[in-house]
Amino acid sequence: MTQRTIVVAGGASGIGLATAQRAVADGWRTIIVDIQDPLEPVAARLVKCDLLDADAARAALEGIVRDEERVDALVASAGGQMGGALAAYDVEEWTQRFTANTLPVLRSIRSLLPALQAAAAANGVADIIVVGSIAGDTAFDYATIYGAAAAGRDALGEQLRVELRTEQIRARTISMGFVLSPMTAGLDIPAVTDQMAEEPLLPEDIATIVHHGLNLPPDVNVHDIVVVPTSQGWA
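Predicted, not measured: the structure shown is a model, and the values here were computed from it. In this convention, every chain numbers its residues from 1, walking through the sequence in written order. Residues qualify for local features only when their pLDDT is at least 70, as the model is predicted, and side-chain atom pairs are given and counted only at 80 or more; totals for whole chains, interfaces and linings, by contrast, use all residues. Excluding hydrogens and water, the side-chain values take into account all heavy atoms of the structure.

### Observations concerning the pattern of salt bridges
As a reminder, the rule being used: Salt bridge, as applied in this entry: a Lys or Arg side-chain nitrogen positioned within 4 Å of an Asp or Glu carboxyl oxygen. Secondary structure elements follow DSSP: runs of H or I no shorter than four residues count as helices, runs of E no shorter than two count as strands, and numbering proceeds from the N terminus. Three exposure classes are used, based on accessible area relative to the maximum for each residue type with a 1.4 Å probe and protein chains only: buried under 20%, partly exposed in between, and exposed over 50%.
Under the counting rule described, the total for this entry stands at 12 salt bridges. For D37, the salt bridge goes to K48, with nearest N and O atoms at 3.1 Å. Taken together, the positions of D37 in the loop between β2 (29–34) and β3 (45–48) and K48 in strand β3 put the pair 11 residues apart, joining distant regions of the chain. Taking the relative accessible area as the measure of exposure, D37 reaches 45% and is therefore partly exposed. D72 serves as the salt-bridge partner of R70, at 2.7 Å between the closest nitrogen and oxygen. Residue R70 shares its accessibility class with D72, and that shared class is buried. Beyond isolated ion pairs, a larger network of salt bridges with shared partners links R29, R45, R66, D67 and E68.

Here is the structure:
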């Protein structure tokens, strides 16, 4: 059997890195697309680029399609935290932050879609997984714009599930509660962190769910997944 290939957009840290490490351990050819080097060792190909830079992203992603024999799965994890009250930043700053949480996901999916379509046609299935957040449909303090961006990511995964289903491409979103990672470790959001301070989700937890979905039978798509710590009593 030819080795399966997975691309992890935003795979240098946190959930993306844990997903890439798990993929390597499971025998996938693994490609990380990120602006930075991985924070921990991982035997993956690194394609270094800024997904917010249209020309750089196009060259990098089209290069993957050109160079790789196949692309079976994409995990779109790129993005960042952007908490704060609406009045904390002006419209231009919020626009930049909103774009940083949505455009890398859209750009990576659109650019790699031809390769995913080819893999599905040749092998019976391909996968797109959008890493989202419960903030997309659960309101809490200081998350107005973050929640709006999360809603966009969440909707993208579900809309693509319907659009691509006849091509045997399984698209879906994993929406999660608080995950302790390098990006979130310094956050102080009482509504999120206090209740889960001792038992938060870890990136490895999400990686386990991602890879469970990738290994389901080709005619099964578990979508609209919501993942929270056991101790979380809301959302």
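More follows now that the structure is in view.
### Focus on the side chain of T5
What counts is decided by this rule: Any pair of nitrogen or oxygen atoms within 3.5 Å is treated as a polar contact; in protein, a donor-acceptor pairing is required on top of that, and neighbouring residues in sequence qualify only through side-chain atoms on both sides. Residues are treated as being in contact if the distance between any of their heavy atoms lies within 4.5 Å.
Relative to the elements of secondary structure, T5 occurs in strand β1 (residues 5–9). Of the residues examined, T5 reaches a relative accessible area of 2% and is grouped as buried. In terms of polar contacts, T5 uses its side chain to reach the backbone carbonyl oxygen of R70, at 3.3 Å. Sequence-distant contacts of T5, defined by excluding residues within four places in its chain, comprise W28, R29, I31, E68, R70, V71, D72 and A73.

### Here's the deal with the nonpolar core
For clarity, the threshold we go by: Take the buried residues of types Ala, Val, Leu, Ile, Met, Phe, Trp, Tyr and Cys, join any two whose side-chain atoms come within 4.5 Å, and each joined set is a nonpolar core.
Among the nonpolar cores identified, the biggest contains 30 residues, and V7, V33, L51, I64, L116, I128 and I169 are the most heavily contacted of them. Only β1, β2, α2 (54–67), β4 (73–76), α3 (91–123), β5 (126–133), α4 (144–164) and β6 (169–176) provide two or more residues apiece to this core. If we ignore the near neighbours within four places in the chain, the residues touching I169 are L113, L116, Q117, A120, A126, I128 and L164. Counting 20 residues, the second largest nonpolar core, distinct from the first, contains A20, W28, A73 and I174.

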